[in-house]
Amino acid sequence: MLGIIIYSYDNFDSRFLLFALTAFGIGFMAEYIGVHTGWLFGHYQYGRTLGIKLFEIPLMIGVNWFLLVYAAGITLQRSRLKSTLVRILSGAMILTLLDVLIEPIAIHFDYWHWLDAGVPFKNYVCWFVLSALLLFIFEQFKFKRQSIVGPTLLIAQFLFFAVLNLVY
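This write-up is about the structure you can find in this document. From a predicted model like this one, the values you see are computed outputs, not experimental measurements.

**Section: the pattern of salt bridges**
- The full count for this structure, using the stated rule, is 1 salt bridge.
- For Arg87, the salt bridge identified is with Glu139, shortest N-O distance 2.9 Å. Here the residue Arg87 occupies a position in helix H4 (residues 84–108), and Glu139 occupies one in helix H5 (residues 121–141), the gap between them amounting to 52 residues.
- Exposure remark for Arg87: the relative accessible area of 13% places this residue in the buried category.

Structure below.
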């Protein structure tokens with residue numbers, strides 16, 4: 001999906017790359033803090049499923065934060081919502097709802113596992129806050145309206161994890 005997002009981006013430029021690296025870096029750093037302190041999200045560790053790790057955090061996690069925030073940002077950019085604040089808060093809620101679908105599957109397929117019993121509530125609070133922060137940053141870039149690839153990715157993520165939740 002990263003390749004498709006990059007390929008479909010209209011007029012790929014340094015601003016897009018800067019946003020991608022910023023989202024990757026902030027997402028990765030938040031996960032680092034989460035894993036190594038438990039302050040964010042709760043006490044958890046990553047399994048092997050997501051691949052190569054740096055400081056016990058899969059590099060794919062930073063990519064995923066970028067992809068999800070970009071997809072939500074573009075989706076809401078294409079919506080009729082005029083208020084930046086409403087777009088940010090709506091996007092953060094959408095991404096938090098997606099995490100509700102992701103959590104059971106992530107645990108089942110060893111993406112990560114919680115060291116305490118169950119998914120802590122603060123995980124969802126932190127997902128909302130981090131998503132809102134990254135969507136705020138997305139809004140600052142004032143990207144031109146993009147193709148439907150972002151909304152398609154977001155819908156595909158919801159369908160993918162919803163179907164997996166039904167099956168498992």
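**Considering H4**
- Relative to the 36 Å expected for 25 residues at 1.5 Å per residue, H4 spans 36 Å between its end C-alpha atoms, a close match to the ideal helical length.
- Ile102 marks where H4 bends most, by close to 35 degrees; the proline Pro104 follows one to four residues later.
- Among the residues of H4, those classed as buried are Arg87, Ile88, Gly91, Ala92, Leu95, Thr96, Leu98, Asp99, Ile102, Glu103, Ile105 and Ala106.
- Where H4 is buried, its residues contact helix H3 (59–77), strand S4 (112–114), H5 and helix H6 (149–167).
- For H4, the side-chain oxygen to backbone nitrogen distance between the N-cap and Leu85 is 3.4 Å, and the N-cap itself is Ser83.
- Taken from the residues just after H4, Asp110 is the one with a positive phi, measuring 60 degrees.

**Topic: the side chain of Thr96**
- Structurally, Thr96 can be placed in helix H4.
- A distance of 2.7 Å separates a polar side-chain atom of Thr96 from the backbone oxygen of Ala92.
- Not counting chain neighbours up to four residues away, the residues in contact with Thr96 comprise Tyr124, Trp127 and Phe128.

Basis of the calculations
Residues numbered from 1 in each chain as written. Predicted model: local features only at pLDDT ≥ 70, side-chain atom pairs only at ≥ 80, totals over all residues. Heavy atoms only, no water. Salt bridge = Lys/Arg side-chain N within 4 Å of Asp/Glu carboxyl O. Helix = DSSP H or I, 4+ residues; strand = E, 2+ residues; numbered from the N terminus. Buried < 20%, exposed > 50% of the residue type's maximum accessible area, 1.4 Å probe, protein only. Expected span 1.5 Å × (residues − 1). Bend = angle between axes of the 7 residues up to and from the residue. Contact = heavy atoms within 4.5 Å. Polar contact = N/O pair within 3.5 Å; in protein donor to acceptor, adjacent residues only side chain to side chain.

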